[in-house]
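Overview (structure and organization)
In case you want the letters, here they are:
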Amino acid sequence: MLPDIVLQTDFGLTTGFVASMYGVIRMVDQSLDVFDLNHEIRPFDMRQGSFLLRDTIPYWKGGTVFVSVVDPGVGTARRASVAHTCNGYYVVTPDNGSLTYIKQEFGIDAIREIDETVNRLKGTEKTSIFHGRDLFAYCAAKLAAGVIDFAGVGPEYPVDDIITFEIKQATVAKDEAHGSIPDIMEPFGNLETNIRIDDFEKTGIVHNDNVRVVIKHEDEVKFDKVMPFNKSFGYAAPGCEILYNSSSGFMGLAMNQKNFAQTYGIGSGPSWSIDITKEN
């Protein structure tokens, strides 16, 4: 049985871009199964793409080939790459920061630059703006179909040379935790923090405790409120806030049946910080 291919892009679904990638993959081998992770990544947001890959990869069988194309530098000198993760997956992507969370969470044991002279769709050499179709989907299909092996992707280069962006680390102590908001869970507007559930348990804060949550953008306070910590959304009244253990393995914040991010104007990224303290 051939490995599955899972696609992620910031292309949206209002054009034929994604369908073209499907078509190229199926031209290589009609028996390849192709699935969609997300095609509504915020345009040019490699952080969100990397974050969603980290949260999704473990729930697919080993050997699955992920294609993640968020590529504002398409056609430039940035490397087109295929990474092999330490837990046994392939990620086909521009090396532009998209591998950051993968490298941190699972590790990457090898990475190769795609050789365009052999792993580019024939007839596309005169255009450089759709590598998602012409390079990434085509190379991924050849790899998944066994037309090439990993060595056939192209030359290997050092894992230490992979482009990564800064990841802020969360800290915890008795009755408190401090971190950032790397992503918003759409379409619900729930906030995903970088505070791991296992680390948060070290604070001693338990279900049914109340916590004070302060969210800042740079140094400006955007949210400051006391809320319950519990298992799920329904433990808060409709329209009220709650802190909970997210399915990502990190701490999350939400409003019951309402969009937290939209309601309070909260964004994501390294400039957004969160402080959680137990309320006595």
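I will try to describe carefully the structure that is included in this document. All of these numbers come straight from a predicted model, not from anything done at the bench.

For the rest of this paragraph, the subject is the overall build of the protein chain. The helix and strand inventory of the protein chain stands at six helices and 16 strands. For 280 residues, the compact-globule estimate of 2.2 N^0.38 gives 19 Å, and the protein chain sits close to it at 21 Å. Principal axes of the C-alpha set define a box for the protein chain whose edges measure 65 × 35 × 35 Å. Counting across all 280 residues of the protein chain, residues that qualify as buried make up 51%. For the protein chain, restricting intrachain contacts to residue pairs at least 6 apart in sequence, the fraction spanning at least 24 positions comes to 66%. Split by element, the accessible area of the protein chain, about 12,600 Å² in all, is 51% carbon and sulfur.

Further remarks concern the nonpolar core. Counting 28 residues, the largest nonpolar core has I5, I25, V67, V82, V92, I114 and V153 as the members making the most contacts within it. Per-element accounting of this core gives the leading share, nine residues, to helix α4 (residues 131-145). Aside from chain neighbours lying at most four places away, what touches I25 is I5, L7, L32, V34, A137 and A141. Formed by 24 residues, the second largest nonpolar core is a distinct cluster that contains I215, F223, M255 and F260.

Here we take up the sheet that holds strand β15 (residues 250-255). Within the open sheet, the four strands sit side by side as β10-β11-β15-β14. Their pairing is antiparallel. Edge positions in the sheet fall to β10 (183-185) and β14 (241-245), since each of these pairs with one other strand and no more. With strand direction ignored, the average angle separating the axes of adjacent strands in the sheet is 30°. When β14 meets β15, the two strands line up antiparallel, connected through five bridges. Counterpart to L243 in the pairing with β15 is L253. Strand contacts of helix α2 (residues 46-56): β10, β11 (190-196) and β15, with the helix running at about 60° to β10, the strand carrying the most contacts.

Note: strand β9 (residues 176-181) against strand β16 (residues 269-278), six bridges, orientation antiparallel. Among the inter-strand pairings, E176 is bridged to a residue of β16, identified as T277. For strand β12 (residues 210-217) and β16, the ladder comprises seven bridges, and the chain directions are antiparallel. Bridging across to β16, K216 finds its partner in S273.

What counts and how
- Residues numbered from 1 in each chain as written.
- Predicted model: local features only at pLDDT ≥ 70, side-chain atom pairs only at ≥ 80, totals over all residues.
- Heavy atoms only, no water.
- Helix = DSSP H or I, 4+ residues; strand = E, 2+ residues; numbered from the N terminus.
- Rg over C-alpha atoms; globule rule 2.2 N^0.38 Å.
- Buried < 20%, exposed > 50% of the residue type's maximum accessible area, 1.4 Å probe, protein only.
- Contact = heavy atoms within 4.5 Å.
- Areas by Shrake-Rupley, 256 points an atom, 1.4 Å probe, with all protein chains shown as cover.
- Core = buried A, V, L, I, M, F, W, Y, C linked by side-chain atoms within 4.5 Å.
- Pairing = 2+ DSSP bridges.
- Axes fitted to C-alpha atoms, helices over the stretch in contact; angles between N-to-C directions.

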